[in-house]
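# A look at the structure
Residues per chain are reported as follows:
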Amino acid sequence: MKKWLFPLGSAVISAAALFLIGVIGVWGNGDGTGYGGAVAILCGIVCYCALIIPATCTVYARRCLSGAKLRVLFTLYQSVLMSWPFLLLFFMDPKAFFYGAIIFAWCELWSLIGLIPRKSKRRVSI
């Protein structure tokens with residue numbers, strides 16, 4: 001069950017994080033004459049893509065998909081759900097689908113990295 005619900009929870013958290021980034025950007029703009037809000041939004045999106053996405057995708061692949069059938073299809077499922085909040089929040093931008101495809105590929109990369117089995121550190125002594 002967690003392999004179905006974790007991506008939905010991740011998508012909700014992603015949407016909330018992106019919405020919060022937007023609110024902070026509007027709040028950081030102050031009187032509306034500067035670029036403080038744009039810088040805050042850009043820094044937030046970079047941190048989101050560099051920290052939240054890799055951590056979420058790797059944890060999902062390692063914890064929820066270990067030993068599951070159709071693991072690669074579940075990583076695709078999670079990548080689609082992780083890229084939808086970005087597309088829904090920035091649908092007015094003409095390049096949103098291009099950026100959404102980049103986020104999808106980034107999520108899939110980290111999910112597939114999470115599927116790589118770890119080598120055991122135990123040494124066998126004879």
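Everything here concerns the structure above.
Residues numbered from 1 in each chain as written. Predicted model: local features only at pLDDT ≥ 70, side-chain atom pairs only at ≥ 80, totals over all residues. Heavy atoms only, no water.

### Focus on the side chain of Ser-79
In plain terms, the rule: Only DSSP runs of H or I reaching four residues or more are called helices, and only runs of E reaching two or more are called strands; each is numbered from the N terminus. Polar contacts, as counted here, are pairs of nitrogen or oxygen atoms within 3.5 Å of one another; within protein the pair requires one atom able to donate a hydrogen and one able to accept it, and residues that are adjacent in sequence qualify only if both atoms are side-chain atoms. By the convention used here, residues are in contact when the closest approach between their heavy atoms is within 4.5 Å.
As for its position among the elements, Ser-79 is in helix 3 (residues 71-89). One polar contact links the side chain of Ser-79 to the main-chain carbonyl oxygen of Thr-75, over a distance of 2.9 Å. For Ser-79, the contacting residues outside a window of four places in its chain are Phe-104, Cys-107, Glu-108 and Ser-111.

### Considerations on a nonpolar patch on the surface
The test is simple: What makes a patch is a set of residues exposed beyond 30% relative accessible area and free of salt bridges, joined within 9 Å when like-charged and within 5 Å when nonpolar (Val, Leu, Ile, Met, Phe, Trp, Tyr). Here the Shrake-Rupley method, with its probe set to 1.4 Å, supplies the accessible areas, and only the displayed protein chains count as covering residues. Within this document, salt bridges are pairs made up of a side-chain nitrogen of Lys or Arg and a carboxyl oxygen of Asp or Glu, the two lying within 4 Å of each other.
Side chains of Phe-19, Leu-20, Val-23, Ile-24, Trp-27 and Leu-89 sit close together on the surface and give an oily, nonpolar patch of about 660 Å² of accessible area. Here the element with the most residues in the nonpolar patch is helix 1 (residues 2-28); it accounts for 5 residues.

### Section: the environment of Tyr-35
Cut-off, in case you're wondering: Partly exposed residues are those whose accessible area sits between 20% and 50% of the maximum for their type, while under 20% is buried and over 50% is exposed, using a 1.4 Å probe and protein chains only.
As for its position among the elements, Tyr-35 is in the loop between helix 1 and helix 2 (36-64). Looking at Tyr-35, the relative accessible area reads 68%, which means it is exposed.

### Section: the layout of surface pockets
Formally: Detection works on a 1 Å grid of protein atoms alone, calling trapped sets that fit a 1.4 Å probe cavities and calling open sets with protein on both sides within 12 Å along at least five of seven lines pockets, with lining residues defined by an atom within 4 Å of a point. Grid points are joined across faces, edges and corners, and a volume is the space filled by probe spheres set on the points. The residue classification treats Ala, Val, Leu, Ile, Met, Phe, Trp, Tyr, Cys and Pro as nonpolar and Asp, Glu, Lys and Arg as charged. All others, Gly included, are polar.
Approximately 260 Å³ is the volume found for the largest pocket. Lining the largest pocket are Ile-41, Ile-45, Cys-49, Ile-53, Phe-86, Phe-90, Asp-93, Tyr-99, Ile-102, Ile-103 and Trp-106. Counting only elements with at least two residues in the lining of the largest pocket, the list comes to helix 2 and helix 4 (96-115). For the lining of the largest pocket, the class distribution of residues is 10 nonpolar, no polar and 1 charged.

### A few points about the packing of aromatic side chains
Using the following cut-off: Aromatic contacts are taken between Phe, Tyr and Trp rings whose centres are within 6.5 Å, Trp giving its six-membered ring; a plane angle under 30 degrees counts as stacked, one over 60 as edge-to-face, and the others as tilted.
In total, this model carries 5 aromatic pairs according to the counting rule given. Taking the centre distance of 5.4 Å and the plane angle of 65° together, the rings of Trp-4 and Tyr-77 count as edge-to-face. With a gap of 73 residues between them, Trp-4 in helix 1 and Tyr-77 in helix 3 connect regions that are remote in the sequence. Three or more aromatic residues link up through ring pairs in this structure, and these residues are Trp-4, Phe-74 and Tyr-77.

Remember that the coordinates give geometry; whether it matters functionally is a separate question.
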